[in-house]
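Chain by chain, the residues:
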Amino acid sequence: IQRQAKKSVAWQLMKSGTTKEKIPTLFDLEFKDELKFFNLYNIDFTLHDLKSVKRELVKQHHPDQFENEDEKEKHRDLYEKTIKYYDTIIKAKKF
């Protein structure tokens, strides 16, 4: 029996391109770039949501899956940015 993992609300919103708008919090404003990178700006999200989005971005941008050096470098930068922004949000949010 194959179990299908339930995608988080934030992940579903990221894929669909729709978000539930709310008034930005001080946290949203302070970490705007990081949250926009994860498509979590101005929406309520949980630690699980953040981890799900991070996991998908890490898979998508892992440099070892690319042969072309230019592509590899581009995705290496995005991979490192994913890790850095994730750590920044985790430290600041204190889940």
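Residues numbered from 1 in each chain as written. Predicted model: local features only at pLDDT ≥ 70, side-chain atom pairs only at ≥ 80, totals over all residues. Heavy atoms only, no water.

Chemist: Could you give an account of the packing of aromatic side chains, with specific residues and numbers?
Modeler: How two aromatic rings sit relative to each other is set out by the distance from centre to centre and by the angle between their planes. Considering all chains together, one arrives at three aromatic pairs under this definition. Between Phe-27 and Phe-31 the ring centres are 4.8 Å apart and the planes differ by 40 degrees, which places this aromatic pair in the tilted class. Each ring, one from Phe-37 and one from Tyr-85, has its centre 5.3 Å from the other, and the planes form 90 degrees; the classification is edge-to-face. Highlighted residues: Phe-37 in helix α3 (residues 32-37) and Tyr-85 in helix α5 (residues 69-93), separated in sequence by 48 residues. (Phe/Tyr/Trp six-rings, centres within 6.5 Å; stacked < 30°, edge-to-face > 60°. Helix = DSSP H or I, 4+ residues; strand = E, 2+ residues; numbered from the N terminus.)

Chemist: So what about unusual backbone geometry? Which residues, and what values?
Modeler: A positive phi angle, near 60 degrees, is found at Asn-39, a position not held by glycine. Even without being a glycine, Asn-42 presents a positive backbone phi close to 65 degrees. Summarising the element assignment, Asn-42 is placed in the loop between α3 and α4 (47-61). Classification of Asn-42 by relative accessible area gives buried; the value is 6%. (Buried < 20%, exposed > 50% of the residue type's maximum accessible area, 1.4 Å probe, protein only.)

Chemist: Quick one: what's the story with the confidence of the model for the chain, residue by residue and with numbers?
Modeler: Taken residue by residue, the chain gives an average pLDDT of 86. The fraction at 70 or more is 78%. Predicted confidence is poor over residues 1-5, with pLDDT under 50, and the contacts of this stretch with residues over four places away or in other chains come to zero contacts. (pLDDT = per-residue confidence, 0-100. Contact = heavy atoms within 4.5 Å.)

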